[in-house]
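Residue-level structural notes
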Amino acid sequence: MKPFRLSRRTLLRGVGAAVALPTLEAMLDSRGTALAAGKPLPRRFATFFFGDGVILGKWNPTSTGANWQLSPALAPLVNVKSYVNVVSGHQVKTPDRRGHHTGQSAILSGYPFIELYAPNANYASKFGGPSIDQVAAQHIGQGTAFRSLELGVSKRIVTGEGPTLQYISHKGPDQPLQPEYNPAALFTRLFSGFSPAPEPQVDPRAALRASVLDAVREDAKRLQVRLGSTDRARLDAHLTSISELRQQILALPPQYTQACTQPQPVTQTNRDSGGKEPLEQVSKTMSDLLVLAWACDLTRVASYMFSGGVCATVFHMLGQSRGNHDLTHDPDPSAQDQVHASVVWVVKQFAYLLERLKATPEAGGNLLDNSCLLLTSDVAEGYAHSTTDYPILVAGRAGGYLKSPGVHVRSTSKENTSNVLLTCLKAVGTGVASVGGDSGYSDTECTAIKA
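Let's talk about the overall build of the chain
A count of helical and extended segments in the chain gives 15 helices and 15 strands. Looking at the 451 residues of the chain, the share that counts as buried comes to 58%. Considering only contacts in the chain between residues 6 or more positions apart, those separated by 24 or more positions represent 72%. Total accessible area computed for the chain in this model is approximately 17,400 Å², and 50% of it derives from carbon and sulfur atoms.

Comments concerning empty space enclosed by the protein
Think of a ball as big as a water molecule: rolled over the atoms, this probe shows where empty space is left. Summed over the entire model, instances satisfying the criterion amount to one cavity of 30 Å³ or more. Volume-wise, the largest cavity comes out at about 50 Å³. Among the elements that take part in the lining of the largest cavity, helix α14 (residues 333-358) stands out by supplying three residues, more than any other. A class-by-class count of the residues in the lining of the largest cavity yields five nonpolar, five polar and no charged.

Considering the packing of aromatic side chains
Enumeration according to the criterion identifies seven aromatic pairs in this entry. Geometrically, the ring pair formed by F306 and F315 is stacked, given 6.4 Å between the ring centres and 10° between the ring planes. A residue is classified by how much of its surface remains accessible, and F306, at 0% relative accessible area, is buried. Its guanidinium or amino end placed over the ring of Y352, K284 lies 5.3 Å from that ring's centre, counting from NZ or CZ. The ring of Y83 carries the charged tip of R397 above its face, separated from the ring centre by 4.0 Å.

Details of the pairing of strand β4 (residues 84-88)
Burial analysis of β4 places five of its five residues in the buried class, which makes it a mostly covered element. Side chains V84, V86 and S88 project from β4 onto one buried face, and the interleaved N85 and V87 project onto a second face that is buried too. Here β4 pairs with strand β14 (residues 392-395) via four bridges, running antiparallel. Considered in β14, the bridge of V87 is made with I392. The pairing of β4 with strand β15 (residues 408-410) spans three bridges and is parallel. The residue bridging V86 from the neighbouring strand is H408, located in β15.

Here's the deal with helix α15 (residues 418-427)
Counting buried positions over the 10 residues of α15 gives nine, a clear majority of the element. Within α15 the residues assigned to the buried category are S418, N419, V420, L421, L422, T423, C424, L425 and A427. Check the buried side of α15 and you find it contacts β3 (44-50), β4, α2 (99-109), α3 (132-140), β13 (371-377) and β14. The first or second residue beyond α15 is G429, which carries a positive phi of 85°.

Quick look at the pattern of salt bridges
Summed over all chains, the structure comprises 13 salt bridges. When salt bridges that share partners are traced, they join K155, R156 and E277 into one network.

Considering the sheet that holds β13
Here seven strands make up an open sheet; going across it, the order is β7-β10-β3-β13-β14-β4-β15 and the pairing mixed. At either margin of the open sheet sits one strand with a lone partner, and together these are β7 (149-152) and β15. In this sheet, adjacent strand axes meet at a mean angle of 15° when their direction is disregarded. Of the pairings in the sheet, the one linking β3 to strand β10 (residues 301-305) comprises five bridges and is parallel in character. Each bridged residue has a counterpart across the sheet, and for A46 the counterpart in β10 is A302. Sheet strands in contact with α15 are β3, β4, β13 and β14, and its direction is about 160° off that of β13.

Here we look at helix α12 (residues 279-295)
Over its 17 residues, α12 extends 24 Å from the first C-alpha to the last, a length consistent with the 24 Å expected when each residue adds 1.5 Å. Of all 17 residues in α12, 14 are buried, a share of seventy percent or more. The positive-phi residue at the C-terminal boundary of α12 is D297, with phi of around 55°.

As for the pairing of β7
In the case of a regular strand, side chains alternate between the two sheet surfaces. Neither face of β7 is exposed, since L149 and L151 on one face and E150 and G152 on the opposite face are all buried. With four bridges joining them, β7 and β10 adopt parallel strand pairing. Within β10, the residue paired with L151 across the bridge is Y304.

Observations regarding the packing of α12 against α14
Following both chains from N to C, one finds α12 and α14 inclined at 30°, their axes separated by 9 Å at the closest point. By the angle between their directions, the pair α12 and α14 is classed as roughly parallel. The two elements α12 and α14 cross, and the hand of that crossing is right-handed. Together, L279, E280, S283, K284, S287, D288, L290, V291 and W294 of α12 and W345, Q349, Y352, L353, R356 and L357 of α14 make up the contact between the two elements. A class-by-class count of the residues in the contact of α12 with α14 yields eight nonpolar, three polar and four charged.

A closer look at the packing of helix α5 (residues 183-191) against α12
Running from N to C, α5 and α12 point in directions that differ by 10°, and their axes come no closer than 10 Å. Compared by their axis directions, α5 and α12 come out roughly parallel. Residue-level contacts link P183, L186, F187, L190 and F191 of α5 to V282, T285, M286, L289, L292 and A293 of α12. Across the contact of α5 with α12, the residue classes break down as 10 nonpolar, one polar and no charged.

Brief notes about unusual backbone geometry
The omega torsion across S404 and P405 is 5°, close enough to zero to call that bond cis. Along the chain, P405 turns up in the loop between β14 and β15. A positive phi angle is found at A363, which is not glycine, with a value near 50°. Structurally, A363 is set in the loop between β11 (361-362) and β12 (365-366). When its relative accessible area of 31% is taken as the criterion, A363 is described as partly exposed. Its identity as a non-glycine residue notwithstanding, A398 has a phi of 50°, on the positive side. Along the polypeptide, A398 turns up in the loop between β14 and β15.

Here is what the cut-offs are and how they apply
Residues numbered from 1 in each chain as written. Predicted model: local features only at pLDDT ≥ 70, side-chain atom pairs only at ≥ 80, totals over all residues. Heavy atoms only, no water. Helix = DSSP H or I, 4+ residues; strand = E, 2+ residues; numbered from the N terminus. Buried < 20%, exposed > 50% of the residue type's maximum accessible area, 1.4 Å probe, protein only. Contact = heavy atoms within 4.5 Å. Areas by Shrake-Rupley, 256 points an atom, 1.4 Å probe, with all protein chains shown as cover. 1 Å grid on protein atoms, 1.4 Å probe; cavity = no way out; pocket = protein on both sides within 12 Å on 5 of 7 lines; lining within 4 Å. Points joined across faces, edges and corners; volume = space filled by probe spheres on them. Nonpolar A, V, L, I, M, F, W, Y, C, P; charged D, E, K, R; others polar. Phe/Tyr/Trp six-rings, centres within 6.5 Å; stacked < 30°, edge-to-face > 60°. Lys NZ or Arg CZ within 6 Å of the ring centre and 35° of its normal. Pairing = 2+ DSSP bridges. Salt bridge = Lys/Arg side-chain N within 4 Å of Asp/Glu carboxyl O. Axes fitted to C-alpha atoms, helices over the stretch in contact; angles between N-to-C directions. Expected span 1.5 Å × (residues − 1). Parallel < 35°, antiparallel > 145°, perpendicular 65-115°, else oblique. Left-handed = near helix turned anticlockwise from the far one by under 90°.

Laid out in structure tokens, this is it:
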């Protein structure tokens, strides 16, 4: 009897709704290592960005090679350490004309920034070329429902110094891509085709109350009778995940979702609860949504801006009341301790995303096996606005392209940070031969993190 096979593009359909599926055994070849059509499993790429750097003495591991140990700042990665490569000692090679602007453009694109006329600000700039997520999207994002996703968490963004600091994803110098800060809007965009209500006073979560899963229930039943036991279990788990995520979004504070109905600008209209951002709730939900989007092959590329360049975010859950950038410039040891605590907290959110990817099965492995995520910031250390010894993590195995278990690679010659960007792009199958431009250009990979 000929085995039952499904296309990777199969959707559950109902009246006015469609739900994408995770990779099921019925979509794979007889060995379970590639799609049934003979194509390799998809690889995914994401940048995970936070503003204002780290404290290097607490970030860099003390040992290098395969036996590196987690530093205090990287301690939250304990459950996914084998998937993490640490790159240190590298330097941004573009001219250091303006700390945050220099670092943010170079570490995300490999290009020097372009200065803009700024009559009402101290400085302003835009990217000099496409960010690497958009380079990746151009090559591996064309066949999916969404070419790329741009996600944001903290809304404390610098908006007066041009697009370099305001956004992390750029198609080109004049095409910045605004991140989505609203989990409810992202959910409906990904899974239900919901159109926001025309009146801003209407709670946008109303559409979520009519579950998309109800609409596709009959189609799901028809498919389940044709699947094997493993695929039935996976389908049940997938639909349960969507249902649980919907409940998480509905449980968010009303102030947050009401603000999400405002189309422009999101950063100015999103309301906090008691003046505090719901950072952990939003970060976890955004991570859950990204995992589902990758599991369903709705997109293969994302940028995740936890906080913006300069970082005015207040980490109130740590008992802090001052913005992170303000703290980084306070030489008092207690202020620096608070900066370190916020870095650890952000790494914890990154670890959550990695653990969710690791826990999501795909073929004989998991999503993290076929992904590459670059974590970095707009400067090395906020106190000095430095661009040397840059904090860089490269996580995931990218289908076996990246070294695993991960290593700590420390350059003794201040190698170009763009070498790491090129490695990431090659790891996810873009086929590009170089990255960046001018002094940030690189056609050399960071071979030490390659398998």
